[in-house]
Every structure is written in structure tokens, then in C-alpha cells.
Amino acid sequence: MSQPRILDGKAVAASVLEECRSETAALKEKGITPGLAVVLVGNDPASAVYVGSKTRTCADLGFHSPKIELPENTTQEELLKVVADLNADPTVHGILVQFPLPKHLDEPEVIRAIDPRKDVDGLHPENVAKLVLGDPTGFVSCTPAGCMKLLEVSGVEINGAEAVVIGRSMLVGKPVAMLLLAKNATVTIAHSRTKDLAAVCRRADILVPAVGRPEMVKEDWVKPGAVVIDVGINRIPDSTKKSGSRLVGDVDYKEVAPKTAAITPVPGGVGPMTIAMLMKNTLQAARQLG
Ligand code: NDP
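Rules and cut-offs
- Residues numbered from 1 in each chain as written.
- Predicted model: local features only at pLDDT ≥ 70, side-chain atom pairs only at ≥ 80, totals over all residues.
- Heavy atoms only, no water.
- Helix = DSSP H or I, 4+ residues; strand = E, 2+ residues; numbered from the N terminus.
- Contact = heavy atoms within 4.5 Å.
- Pairing = 2+ DSSP bridges.
- Axes fitted to C-alpha atoms, helices over the stretch in contact; angles between N-to-C directions.
- Disulfide = S-S within 2.5 Å.
- Buried < 20%, exposed > 50% of the residue type's maximum accessible area, 1.4 Å probe, protein only.
- Right-handed = clockwise from strand over helix to strand, strands pointing away.

Undergrad: I tried to follow the environment of Met178 on my own but got confused; where do I start?
TA: Counting through the fold element by element, Met178 comes out in helix 7 (residues 173–182). Along the chain, Met178 and Ala59 lie 119 residues apart, while their C-alpha atoms are 32 Å from each other. Sequence-distant contacts of Met178, that is, excluding residues within four places in its chain, are made with Leu131 and Val132.

Below you can see the structure in the form of C-alpha cells.
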């Protein structure tokens, strides 16, 4: 079997961030400093890591990046007040509330409270509607946007391709399916009730697993020459590692990679793209809000 092309998310993300750097400089010359506020509620260690890398990237690009850390026992009213204050703050163009929130908080209500013009995560119903309508003034959820950017820069033919997305979340599965459809793929969205998932996946020229089940997609699920964009990030035990664990995707990479034309690794594939697209969305918000 021939060597697959590795879709290097780190490299593509680095070039997106370079574009962001020059756009930031251009906005600053016009007196606009892009501002992204990140809100972290509680002590979830994974969330703290994500927020840390987002604020570091903001600082590196020269964004204004207030980080609001709230205790685990924050009430819904207190969180909504923080969001309202950020909505009203002219130095803040983008607002990101890190999910998951502690169980007692109502995520959909928080999403609806964010000014859609500052919803750089692309989760507000108004932005979801704009995605479906193909209105470019809306914000596209960052991970799906990152998947599309990887396909685009890799020159993968989407027009007319058979695409299968596994997963139907509002964060990844549904928006990525809409974006593939907008580029004229024939799209199937599979999920936990899909019958004979392997057979559905075998139809795919472009396969996008976004499930959260380690190494679920096996070699015989994949059509020879398919392009695989593995969104899954799963931590599994590994006694050979100092940390005792390692990250894997939803795809059994070792088995599947040799059969593909191109594939994203985990880590280093879709993951780095997410932050890069968040920065791009913040710049879009800064441009649009002025
Ligand atoms: P969700 O848990 O919200 O959604 C998972 C989806 O997978 C659901 O639609 C579910 O179906 C489906 N599913 C679950 N089990 C199966 C199964 N056995 N067969 C087929 N479908 C199944 O997860 P997210 O969309 O938020 O995230 C998906 C993965 O992507 C996770 O690993 C997450 O860590 C990763 N992720 C990575 C990001 C990155 O930056 N690379 C960013 C965001 C997420 P149903 O609807 O029927 O329950």
C-alpha cells in the first residue's frame, strides 16, 4: 500500500496564525485591538489547559485577552451577568465561555445570552442559522471550520465527493456536515443509532469521525483512497508513557492510515486548527464590530 499524505494540522494552523498576526497589525494601525474574553467556570483540568492555550495564543498575537475565572459554585445569574458585561464591553469583540460548564449551569441559556456578533464559537442560534443559510457574516464553529481549512489547503476535491460525518453534535458533527454540503459534497450524518456504520463509512470519499470513542474506526470501515479527518480526541492508558496515558483519535490510525489517500494524525491534526480558527473568528468579529 502507498504512503498516505499526513494532513499536518500544526503546520496549517501555524500559517493561519501568521495571517492572523498580519491582520492584527493592520487592525491595530486603524486603532482596533482585537479582544477575546475567555470565561472559565470551575476546576475542570482539561478546560483549564484549553483556556491556557487560547489565552497564550491571544497574547502571542497581541490581542486584548481578559480571562475571567469563576468558582465552581457560580450561579447561573452570576454567569449571565458576566456575559452581559462582556457583551457591553467595547474592548471585547469575541466571547468564549469554556464548556463543559459545571452540571448545575444551563449551557444553552448561556449560549443564547452571548451577543451573536461576539459569539466567536459559532454556537448561538443566530450563527447556526447563518451557517445553514450560507451567510458569511455569521461565525462558524471553530473545529468544523478547522476541518474545512485542512481539506481546502490540502487540495482535497470536495465537489461531488461522498462525505460521511460520524457524530451529530452542534459543536462538530452538524456544522461540519453543513460546511461539506455547502461545498457540494453528498453528505451522510451517522450517529449512535446508525445501522451498519461500517458499511456507511465504506461509502465515504471523505470520512469525518467526531464521536469520542478511541480507535473505533477500523481498516475495513474505510474505502481505499479515502481522505480521513479524525476529530476525536481520546486519552487512553499507556504504561510506556511517563504520564501513563496518550491521546488517540476515533480512528485506529495504524490500521487505517495505509489505506487512505490522506489522513490527520491525533494529536497534531484537527486539534491545533481549532485555536487558529478561533483567532480568525475573533478578527472577523473585530472587523465587523469595528
Ligand atoms: P458529543 O459527545 O457531543 O457527540 C458525539 C456524537 O457521536 C453523537 O452524535 C453520538 O451520537 C455519536 N456517537 C456516539 N457513540 C457512537 C457510536 N458508537 N457510533 C456512532 N456514533 C456515535 O461529542 P463532540 O461532538 O463534542 O466531540 C466529538 C469528539 O471530538 C470528542 O472526542 C471530542 O473530544 C472531540 N473534539 C475535538 C475537538 C478538536 O479540537 N479536535 C474539538 C471538539 C471536540 P448520538 O447523537 O446518537 O448520541
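Undergrad: Which parts of the structure should I look at to understand the sheet that holds strand 4 (residues 94–97)?
TA: Where strands meet in a sheet, backbone hydrogen bonds hold them as pairs that are either parallel or antiparallel. Here three strands make up an open sheet; going across it, the order is 3-2-4 and the pairing parallel. Two strands in the sheet have a free side with no partner beyond their single neighbour: strand 3 (67–70) and strand 4. Going across the sheet, the axis of each strand differs from the next one's by a mean of 15 degrees, ignoring polarity. Sheet strands in contact with helix 2 (residues 45–61) are strand 2 (36–41), strand 3 and strand 4, and its direction is about 165 degrees off that of strand 2. Across the sheet, helix 3 (residues 76–88) is in contact with strand 2, strand 3 and strand 4; its angle to strand 2 comes to roughly 175 degrees.

Undergrad: Help me understand the state of the cysteines, please; the structure alone is not making it clear to me.
TA: Scanning the entire structure with this criterion turns up zero disulfides. Cys58 forms no disulfide, and the closest cysteine sulfur to it belongs to Cys20, at a distance of 10 Å. According to the relative accessible area criterion, Cys58 is buried, its value standing at 0%. No disulfide involves Cys147; its sulfur sits 11 Å from the nearest other cysteine sulfur, which is in Cys142.

Undergrad: Honestly, the pairing of strand 3 in this entry has me stumped. Any pointers?
TA: Along any regular strand the residues' side chains alternate between the sheet's two faces. Bridge count between strand 2 and strand 3: four bridges; the pairing is parallel. Along strand 3, the bridge assignment pairs Val38 with Lys67. Viewed along the sheet, the connection from strand 2 through helix 2 into strand 3 turns out right-handed.

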